[in-house]
Amino acid sequence: MVAHDPRKVALLTGANKGIGFETARQLGAMGMVVLVGARDPGRGERAAAMLRKEGIHARFVLLDVTKEETIKGAVDFVERQFRRLDVLVNNAGVLLPNAPSVGQGSAVRPPSDCTIESLRQTFETNFFGAFMVTKAFLPLLRRSEAGRIVNVSSMQASLQNKADYGRENGHTLFLAYCASKTALNVLTAVCANELRDTPIKINSICPGYVDTDLSSHMGTKSPAEAARIPVHYATLSADGPTGGFFDESGPIPW
Ligand SMILES: NC(=O)c1ccc[n+]([C@@H]2O[C@H](COP(=O)([O-])OP(=O)(O)OC[C@H]3O[C@@H](n4cnc5c(N)ncnc54)[C@H](OP(=O)(O)O)[C@@H]3O)[C@@H](O)[C@H]2O)c1
């Protein structure tokens, strides 16, 4: 029974690979208990085992952010084992093509080609999932002395950038992805307002363009380098910001 474990407890969604895995590794190396949220038991267990080999206190937690029963199961597990949650990193995310039916290269088709299925599927994970997980874990975060929530967003969420339609930026074509991350940023802003009289801080971050499966390994940053940003906002001191949107250089336009 580790109900009074003095170490901070961090839960990350989509932590079996990429930025989530590296964020778990870095928080674990700082001495936190890391709960490796993953939707696939094999991938999640393997990731947690890799971290344990490095001396990190890591546990796999089954968590598909689109499945309420797994979210409830994860809450019950954390409640039973730790009674509180100190850090939640809403990292799980998908980047689907605008028009899945047209095959390779469809990701860069224009926004008007975007299918409603692609929009719905993307929102299920990137926005509704993050909302459900945040709502479900809020009671446990409220029990922490210094709860921290990090929403892993994207520069592609920035309306200011999107409004600049003349820009040579192929990513503006990812309608579903961009819209879902903009919605995630709204979640950050409104929750920060709701939680303003509590010690809980919630921020959105952009990790940069990162070499992961999601970017088809086109990203220029390593996951380890990118993870420093969510780690920073997961470990903010009491005088740190809340309700903001940041990348490695500081605040970025909404
Ligand atoms: N890479 C970039 O350049 C970049 C830039 C800006 C923002 N981001 C954001 O960074 C976050 C992490 O992405 P990444 O680049 O590290 O990509 P990644 O390597 O593809 O990792 C994505 C993670 O999300 C998980 N996931 C997807 N759907 C899920 C669901 N329904 N429930 C639980 N987990 C789910 C994946 O699990 P499976 O292994 O089971 O699929 C995987 O663990 C995402 O939110 C992404 O939008 C990435």
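Cut-off values and rules
Residues numbered from 1 in each chain as written. Predicted model: local features only at pLDDT ≥ 70, side-chain atom pairs only at ≥ 80, totals over all residues. Near = placed C-beta within 6 Å. Helix = DSSP H or I, 4+ residues; strand = E, 2+ residues; numbered from the N terminus. Nonpolar A, V, L, I, M, F, W, Y, C, P; charged D, E, K, R; others polar. pLDDT = per-residue confidence, 0-100. Contact = placed C-beta atoms within 7 Å. Buried ≥ 20, exposed ≤ 12 C-beta atoms within 10 Å, placed from the backbone. Pairing = 2+ DSSP bridges. Axes fitted to C-alpha atoms, helices over the stretch in contact; angles between N-to-C directions.

K.L.:
Summarise the site of the ligand; cite the residues concerned and give the values.
P.N.:
Taken together, 31 residues sit near the ligand, with Gly 14, Gly 18, Gly 93, Thr 212 and Leu 214 positioned nearest. If you list the elements that add at least two residues to the shell around the ligand, you get α1 (18–29) and α4 (116–142). In terms of residue count, α1 provides more of the shell around the ligand than any other element does, three residues in total. Of the residues assigned to the shell around the ligand, the class counts are eleven nonpolar, 14 polar and six charged.

K.L.:
Now, about the confidence of the model for the chain: what can you tell me, with residues and values included?
P.N.:
On average, residues of the chain carry a pLDDT of 92, and 89% of them reach 70 or more. Residue range residues 102–107 is modelled with pLDDT below 50. Its contacts to residues more than four positions away, or to other chains, number eight contacts.

K.L.:
Outline the pairing of strand β6 (residues 201–205), listing residues and values.
P.N.:
Most of β6 is tucked away, with five of its five residues classed as buried. Residues of β6 alternate between two faces, with Lys 201, Asn 203 and Ile 205 on one and Ile 202 and Ser 204 on the opposite face, all of them buried. Looking at chain direction, strand β5 (residues 148–152) and β6 are connected through five bridges and run parallel. Within β6, the residue paired with Arg 148 across the bridge is Lys 201.

K.L.:
With reference to specific residues and values, describe the sheet that holds strand β1 (residues 9–12).
P.N.:
The mixed open sheet is built from eight strands, whose spatial order is β3-β2-β1-β4-β5-β6-β7-β8. Looking at strand neighbours, the two that pair on one side only are β3 (58–62) and β8 (250–251), the edges of this open sheet. Sheet analysis places strand β2 (residues 33–38) next to β3, joined by five bridges and oriented parallel. In the sheet register, Gly 37 faces β3, and the bridge partner there is Val 61. Set on the sheet, helix α7 (residues 223–234) makes contact with β1, β4 (87–90), β5, β6 and β7 (245–247); between it and β5 the angle comes to about 155 degrees.

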